[in-house]
Amino acid sequence: MLHQTKFQSFAETTSPTQGPPRVAALRAELKRRGFDGFIVPRADEYQGEYVPPRADRLAYLTGFTGSAGAAVVLTDKAAIFTDGRYTVQTAEQVDPAVFQYCSLVDEPPPDWLEKHLPSGAKLAYDPWMHTAAGVEALQAAVKKAGGTLVAVADNPLDATWDDQPAPPLGAVTTQPLEYAGEASEQKRDRIAKTLRDGKTDAAMLTLPESIAWLLNIRGSDVPHTPFPHAFAALNNDGHVDLFIDRRKFTPGIDAWLGNRVTVRAQEELGAHLKAQTGKRIQIEPATASAWLFDQLKAGGAEIVRAADPVLLPKACKNATELNGTRRAHERDGACV
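Residues numbered from 1 in each chain as written. Predicted model: local features only at pLDDT ≥ 70, side-chain atom pairs only at ≥ 80, totals over all residues. Heavy atoms only, no water.

Engineer: I'm lost on helix α1 (residues 19-33) in this one. Help?
Structural biologist: Its 15 residues place the ends of α1 21 Å apart at the C-alpha level, agreeing with the 21 Å of an ideal helix rising 1.5 Å per residue. What α1 keeps buried is the set G19, R22, V23, L26, E29 and L30. One side of α1 holds all its buried residues, which, seen down the axis, span an arc of 120°. Opposite the buried face of α1, by more than 90 degrees, sit the exposed residues K31 and R32. Where α1 is buried, its residues touch β1 (37-41), α2 (57-62) and β2 (70-74). (Helix = DSSP H or I, 4+ residues; strand = E, 2+ residues; numbered from the N terminus. Expected span 1.5 Å × (residues − 1). Buried < 20%, exposed > 50% of the residue type's maximum accessible area, 1.4 Å probe, protein only. Arc of directions from axis to C-beta. Contact = heavy atoms within 4.5 Å.)

Following this line, the structure appears as structure tokens:
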């Protein structure tokens, strides 16, 4: 069965007038939980630039629909952070009576928090929505301000979002060899060798584009981006544990993946990470969510902070991929 995903633009459903009641509702929820503030990045669990409607929390809270930004809501003040591309858009979409406009580049959230977070305050964050490196920067700033940074088990903003869209179920399809130019098993064996050479047991893959390339699959969980939302562990023997919602699979995907790919529910990811006791697990702190690091630490794994091992092989295009790129440019040029 082919699962269709419906995307709705927040530009059609948000406005500056929605800011005050939504911020008030979030503050009430934070007070109920004993927190003095919360950080809302424009991010999802996969840390991609583009997010599905369910994860567009920044747009829901502030009205801002740009592709990069963040917001901080404290008990008595709030700020939105955008870059120079969005100066006019921020003024049009975000209520200045509710949010102070700040530069994401010149005064990012850690710098602002260092100045404005009250001493003794408890600042909450969702560890799924921040990278490990990002949390470390926040931790340093909050400590300087005399506050405490606290990870939450569930997102307090979601508790106030009554009509939050469901998680996407975009169809997962195959990327045939005539377009990929290299079989998935060959890719896996090639990269697994680099893990063995580095005496690493496995690498956690958190970027959906890396997983799509490695397994020669494509998805449709996010508008105009052909990758499926998933996590994967590439073991040093070439075996892959793929954490994904099976409802996305189109007929034949299991056979395409083969018996060296074990498909698991995403709900099993935490237990899998905690079971890596004593193993050397490679993971990228700049792109992987802090939640994943927390689970690995809780299980006693030895964390190897290093780049996603798929990034460089994926960037080195084979002849088939290069030809596909040229053909795409020809079609694009003809349209222009």
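There's more to say after this.
Engineer: Explain empty space enclosed by the protein to me, please; I cannot follow it from the model alone.
Structural biologist: Where empty space is left becomes clear once a probe the size of a water molecule has been rolled over the atoms. Applying the stated rule across the entire model yields 3 cavities of 30 Å³ or more. Size it by volume and the largest cavity reaches roughly 40 Å³. Lining the largest cavity, in full, are F38, I39, V40, P41, A43, R57, D126, M129 and N155. A total of 4 residues in the lining of the largest cavity trace back to one element, the largest contributor, which is β1. Looking at the lining of the largest cavity residue by residue, the class counts come to 6 nonpolar, 1 polar and 2 charged. (1 Å grid on protein atoms, 1.4 Å probe; cavity = no way out; pocket = protein on both sides within 12 Å on 5 of 7 lines; lining within 4 Å. Points joined across faces, edges and corners; volume = space filled by probe spheres on them. Nonpolar A, V, L, I, M, F, W, Y, C, P; charged D, E, K, R; others polar.)

Engineer: Got a minute to help me understand the sheet that holds strand β6 (residues 148-151) in this structure?
Structural biologist: Two strands in a sheet stick together by hydrogen bonds in their backbones, pointing the same way (parallel) or opposite ways (antiparallel). Taken in spatial order, the 6 strands line up as β4-β3-β2-β1-β5-β6 in an open sheet, and their pairing is mixed. Strands at the two margins of the open sheet, each flanked by one partner only, are β4 (100-103) and β6. On average, adjacent strands in this sheet sit at an angle of 25° to one another, irrespective of strand direction. When strand β5 (residues 122-125) meets β6, the two strands line up parallel, connected through 4 bridges. Across the sheet, A124 pairs through a bridge with V150, a residue of β6. Against the sheet, helix α4 (residues 109-116) engages β1, β2, β3 (78-82), β4 and β5, with an angle of about 15° to β2. Where helix α5 (residues 132-145) meets the sheet, its contacts fall on β1, β5 and β6, and the angle it forms with β6 comes to roughly 145°. (Pairing = 2+ DSSP bridges. Axes fitted to C-alpha atoms, helices over the stretch in contact; angles between N-to-C directions.)

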